[in-house]
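# Remarks on the overall topology
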Amino acid sequence: MQYSRRKFLKTLAVTASGAFASSLVVGCGGGSSSRVEVETPTPILIDETGQFFPQSVASGDPRPDSVIVWTRAVKNDANVPLILQVSTSDTFSTVVVEFEALAEVAADGCVKVRVMGLNEDTTYYYRFLINNGDSIESSRIGRTKTAPTDSNARAIKFAYASCQDYIGRYYNNYLSILEQDDLDFVVHLGDYIYETTGDSSFQSGGEDRSIVFDDAEGALTIGVGDNQFQAAASLDNYRQLYKTYRSDALLRQVHERFPMIVIWDDHEFSDDSWQDNGTYLDGTADEQNLARKRHSEQAFFEYIPIDHEALHMEPEADSDALAVSEQHLFPNTRIYRDFRFGQHLHLVMSDYRTYRPDHLIPEDAFPGTVAMDQTTLTQFLTAAGRAQPEIDAIIGSLSPYVDIDLPPFAPYKAAFTEIFTGLYASDLAAKLPLSQADALTQAQQRAVDAIQGKLATTYLNIVLGTAKAQLPAEHPIQALPALPESGVEQGIAYYSLGKTNLFADIGARYVVIKETYDLFAAYREFVENQQGATAQNAFATEQTNWIAQTFATSDATWKMLGSSVSFSSLLFDLSANRPFSGSVPLESALDSDVLPAALRQRFYINVDHWDGAPQFKSGFINDVLARNGVITLGGDIHSTYVTEHAADATTGNKSFNFTVASVSSGTFGSFLTQGLNDIFAQLGDVPDAVNQLPSFFNIMVRTATQRNDVPDTLKFADMWQHGVGIVSVSEEQVEVEFHNVNSEVNGESTVAVSYYDNPHAYLNMVQVHKFKIANNQLEQLS
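Now for a quick tour of the structure. (Residues numbered from 1 in each chain as written. Predicted model: local features only at pLDDT ≥ 70, side-chain atom pairs only at ≥ 80, totals over all residues. Heavy atoms only, no water.)

### Quick look at the side chain of Asp648
Inspection of the secondary structure puts Asp648 in the loop between strand S27 (640-645) and strand S28 (656-659). In this structure the side chain of Asp648 is engaged in a polar contact, spanning 3.4 Å, whose partner is the side chain of Arg627. Polar contacts involving the side chain of Asp648 include one to the main-chain amide nitrogen of Thr651, which spans 2.9 Å. Filtering out sequence-adjacent residues up to four positions away, Asp648 remains in contact with Asn622, Ala626, Arg627 and Asn653. (Helix = DSSP H or I, 4+ residues; strand = E, 2+ residues; numbered from the N terminus. Polar contact = N/O pair within 3.5 Å; in protein donor to acceptor, adjacent residues only side chain to side chain. Contact = heavy atoms within 4.5 Å.)

Structural data, given as structure tokens:
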């Protein structure tokens, strides 16, 4: 076989032959499926300590006639000759594959083998062997299973999981999967690793679950002062993360016992990433990094049992042509693929991060900048068929603005340039390791760029008032009256979308105002479409068309889409028109005078997810998912949701979303509470009823989807639990069980403490939320 000079991993292919009694193997050469005869039996010792196989074994991407098997072998810092054996017996009394391979230092010791010619719907056992002189060292024995063919009518059962931060946390929730020994496979929806080792915004841990990069110089150092942390950037960094995560005993057991189908989300590369761009710095600096993106993908392909090469093969290509080159890496990456499991399940796995466009609201967008002026809004709304009274009402609710470059506003232009130079300098210094002079130079240019054109007067007046309160009475700025907020044109400024800070994820990727965001997103998509591009389609055209065609032509009883992020709409409705929640204490809190008027609106909680692409999401759900009755499985959001989407008018079919909680990563409820507390800290004394809002988060997101203009109905929500999902598929129905555990029990975190040696104590805390879909109807069973 030919491999490119800059190879990173050899995925070998071997075809199973008829079963035979194996002779013990004592040597390895080039790739071969022949046996090596020996005269004297040599003892085979299982490497229980991980001396030679520190990450044990794994399998993945099961097909009716093939499966990927994986290991990592180390010995004396050299290439390690291996023998792979595959058998239908865990005693290996008969062997269907005996194959020689080489674990190369250049690939970090990783070996992936595509075992072909297997029988459908069959359990196989596999092991890797090393000749250690007087003995044969064996990996732990792995168990895998091929998929049933399309004609096989048996039921299917699988698990799915997402988000397994290692820092300070344990994978206790995998005990629920290991309890289900009859699973056909496990799906992992991403955030298999976290690229940071101590981001204080969500990571904290002790000595037992911590990581310090060996290649510290190759890592990114984010933040300044006491808030610094490191993020993976070099290939060695990413490899170290996989090695460390796979040292976890429960994760190793899951891989040893079940084939796994894996996609990535953002943390396999960079938090809230898009294409090859990170977002740690919120627009204070350019974070595009092609080399880093490729390093992350290389390590993923080395350590995850995904058949990445097959996805790049031409249909007529020789199956032995298994060269691996940089052509498999970004921007040529493809991990989206599909699997058929018998008559009843067609599973499509998607890729949300590789192709997605940037978030619609830049993290460094100047809040006062007008993104859609009154003329543009009027033209766009008229073209969309809105009546003039409706247009007038919409515009009347938006931000008043003036053109700061007009002569009457010259004093304001000078004043705000001075004010924002100081504000930008402070914010830049808080995020970047800059000298005072460099921060000031950058701030001056930022201020000049921001204070021009049409700017929102409401926002500027708030800033002006704050500046006056801090400046001496004789300062010239004190003489400036407020800018006009009536009698001027109105439009959508970034402030109208919820952005109030110069550099921030709040108001950009999280917590944006729904009504204005929907309008702005529609306009942005229209403009991009006119240029043959998209502002919303994270799948991109090729993947979208492939998904649509795959589902439209599938004859499986049930069709499912694995998505790293959720299709459930996550809204907080704090407006006066909100539906009644049924909770008097919650309604009292939302009616409290202490709640600022700016919060009395509807908010998308997370527009890093599909909610950030409202028009594309709506069309995709209706035209592809609901029309074909597709069930979606989601992750990433560290909480559990069940959503029923509106029925398709053509077929009457519905789509349903089941979003799984995190294995170990901090709950979304805790993340939102932290943000809410930051807001409350600015409000002074807050009534107890308002302080208790986090306890109502589950009710709030469910209630928010009851408005008539929200086509999704959130049937179940829990933001405070960790867990995994178990799915059972038969001809008549699909059952989804969430095996969840509260993030705290008796005041103690359930993920910060290991229950590995006391699994029954942990399993006794598990709560099972059970749902059934049959005849196009969703029912909660428990």
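Still to come is the rest of the account.
### Observations concerning the layout of surface pockets
Estimated volume of the second largest pocket: approximately 320 Å³. Together, 15 residues line the second largest pocket, and Arg63, Asp307, Ala310, Leu311 and Asp338 are the ones closest to its centre. Among the secondary structure elements, those contributing two or more residues to the lining of the second largest pocket are strand S4 (67-72), strand S7 (110-116) and strand S16 (337-341). (1 Å grid on protein atoms, 1.4 Å probe; cavity = no way out; pocket = protein on both sides within 12 Å on 5 of 7 lines; lining within 4 Å. Points joined across faces, edges and corners; volume = space filled by probe spheres on them.)

### Describing the nonpolar core
If you look at the biggest cluster of nonpolar residues, it comprises 85 residues, and the most contacted ones within it are Phe158, Tyr160, Ile177, Met560 and Phe658. Formed by 37 residues, the second largest nonpolar core is a distinct cluster that contains Phe229, Ile404, Ile419 and Phe503. (Core = buried A, V, L, I, M, F, W, Y, C linked by side-chain atoms within 4.5 Å. Buried < 20%, exposed > 50% of the residue type's maximum accessible area, 1.4 Å probe, protein only.)

### Here's the deal with the sheet that holds strand S25 (residues 602-606)
Read across the open sheet, the three strands follow the order S22-S25-S24; overall the sheet is antiparallel. Of all the strands in the sheet, just strand S22 (510-513) and strand S24 (571-573) have a single pairing partner and so form its edges. Between one strand axis and the next, the sheet turns by 25° as a mean value, whatever way the strands run. Strand direction decides the pairing type here: S22 and S25, joined by three bridges, are antiparallel. Paired with Val512 across the strands is Tyr604, a residue of S25. (Pairing = 2+ DSSP bridges. Axes fitted to C-alpha atoms, helices over the stretch in contact; angles between N-to-C directions.)

### Remarks on the sheet that holds S27
Pairing is mixed in the open sheet, where seven strands are placed in the order S16-S17-S23-S26-S28-S27-S29. Two strands bound the open sheet, and with one partner strand each, they are S16 and strand S29 (712-718). On average, each strand axis in the sheet is inclined to that of its neighbour by 15°, with strand direction left out of account. Alignment of strand S17 (residues 345-349) against strand S23 (residues 558-562), held across five bridges, turns out to be parallel. By the bridge assignment, Met349 is partnered in S23 with Gly562. Contacts between helix H11 (residues 540-553) and the sheet are confined to S16, S17, S23 and strand S26 (630-634), with S17 contributing the most and set at about 180° to the helix. Across the sheet, helix H16 (residues 697-704) lies against S27 and S29, angled at about 170° from S29, the strand it touches most.

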